[in-house]
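Coordinates in review
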Amino acid sequence: MPFDFKKEYKELYLPPSTPHIVSVPKMNYVAVRGKGNPNEEGGAYQNALSVLYSLSYTLKMSYKTDYKIDGFFEYVVPPLEGFWSQDGTDGVDYSHKENFNWISAIRLPDFVGKDDFDWAVKSASEKKKIDFSCAEFLTLEEGLCVQIMHHGSFDDEPKSVALMDAFLARNGYASDISENRLHHEIYLSDPRKIAAENLRTVIRHPIIKTLEKI
């Protein structure tokens, strides 16, 4: 049976609906950076998703080609993730999606290295005749974070973020969102197929320890 990251790392992908603290290890991603409203039809974000999934599945199916990745084992492509920020905004202002800076990403298995990523870009480019130069091999180590399973519309996420912030204050922590540590979402549902009220999204924020509890 293919390795499934969601099942094997439930603490990272299937958190409870109440805030809790987690230490997130270093991970590699295939990623695309961009700006603007992710809901824009045919926009940069939608195009980024096409690039991400093409490269992710090229790597997943590499074992059926002449290219062999050391340590390869069959796996389920992990869920889509997003790192979000807005210039001059502490956190995320959902009423101005046009101001989003985003990094859209899909996790890679640890056995996939930069050389393997480069092969996938070359292979997919030749096969699909599409420019994949916007994609990058991204390594992140988020470290100490608070996360929650958000149920419902993306626009209702501030309610879950407020729960996370209150939990941090009670337990002597504070949000540490910055230029290098971003608001992070992991999408466990496809909004094209599921009603907004039934969506499940992991919301994750970087945190630091403080001296006081409320």
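Residues numbered from 1 in each chain as written. Predicted model: local features only at pLDDT ≥ 70, side-chain atom pairs only at ≥ 80, totals over all residues. Heavy atoms only, no water.

As a further point, take the overall build of the protein. Regarding its fold elements, the protein presents five helices and seven strands. Reading the helices (α) and strands (β) of the protein from amino to carboxyl end gives α-α-β-α-β-β-α-β-α-β-β-β. Taken over the C-alpha trace, the protein has a radius of gyration of 18 Å; the compact-globule value for 214 residues is 17 Å, and the two agree within 12%. When burial is assessed residue by residue, the protein has 47% of its 214 residues classed as buried. The long-range fraction of contacts in the protein, counting pairs at least 24 apart against all pairs at least 6 apart in sequence, stands at 76%. Distance between charge centres in the protein, computed from 25 positive and 32 negative side chains, equals 6 Å. (Helix = DSSP H or I, 4+ residues; strand = E, 2+ residues; numbered from the N terminus. Rg over C-alpha atoms; globule rule 2.2 N^0.38 Å. Buried < 20%, exposed > 50% of the residue type's maximum accessible area, 1.4 Å probe, protein only. Contact = heavy atoms within 4.5 Å. Lys, Arg positive; Asp, Glu negative; His and termini not counted. Charge placed at Lys NZ, Arg CZ, Asp CG, Glu CD.)

Attention now goes to unusual backbone geometry. With a phi close to 55 degrees, Lys129 is a non-glycine residue in the positive phi region. Tracing the backbone through its elements, the reader meets Lys129 in the loop between α4 (114-128) and β4 (135-151). You can call Lys129 exposed: its relative accessible area is 71%.

What follows deals with α4. In this model α4 runs 21 Å from its N-terminal to its C-terminal C-alpha over 15 residues, within 8% of the 21 Å that 1.5 Å per residue would give. Those residues of α4 not exposed but buried are Asp116, Phe117, Trp119, Ala120, Val121 and Ala124. Check the buried side of α4 and you find it contacts β1 (20-35), α3 (44-60) and β4. Just past α4, the residue Lys129 takes up positive phi, approximately 55 degrees. (Expected span 1.5 Å × (residues − 1).)

This part covers the environment of Lys26. Here Lys26 lies in strand β1. If near-sequence neighbours (up to four positions away) are discounted, Lys26 is found in contact with Thr139, Leu140 and Glu141.

A word on the pattern of salt bridges. Inspection of every chain in the model, using the stated rule, returns eight salt bridges. Across the pair Glu136 and Arg33 runs a salt bridge, and its minimum N-O distance is 2.6 Å. Of this pair, Glu136 sits in strand β4 while Arg33 sits in strand β1, and the two are 103 residues apart along the sequence. By relative accessible area, which is 23% here, Glu136 ends up partly exposed. For Arg33, a relative accessible area of 49% puts it in the partly exposed group. (Salt bridge = Lys/Arg side-chain N within 4 Å of Asp/Glu carboxyl O.)

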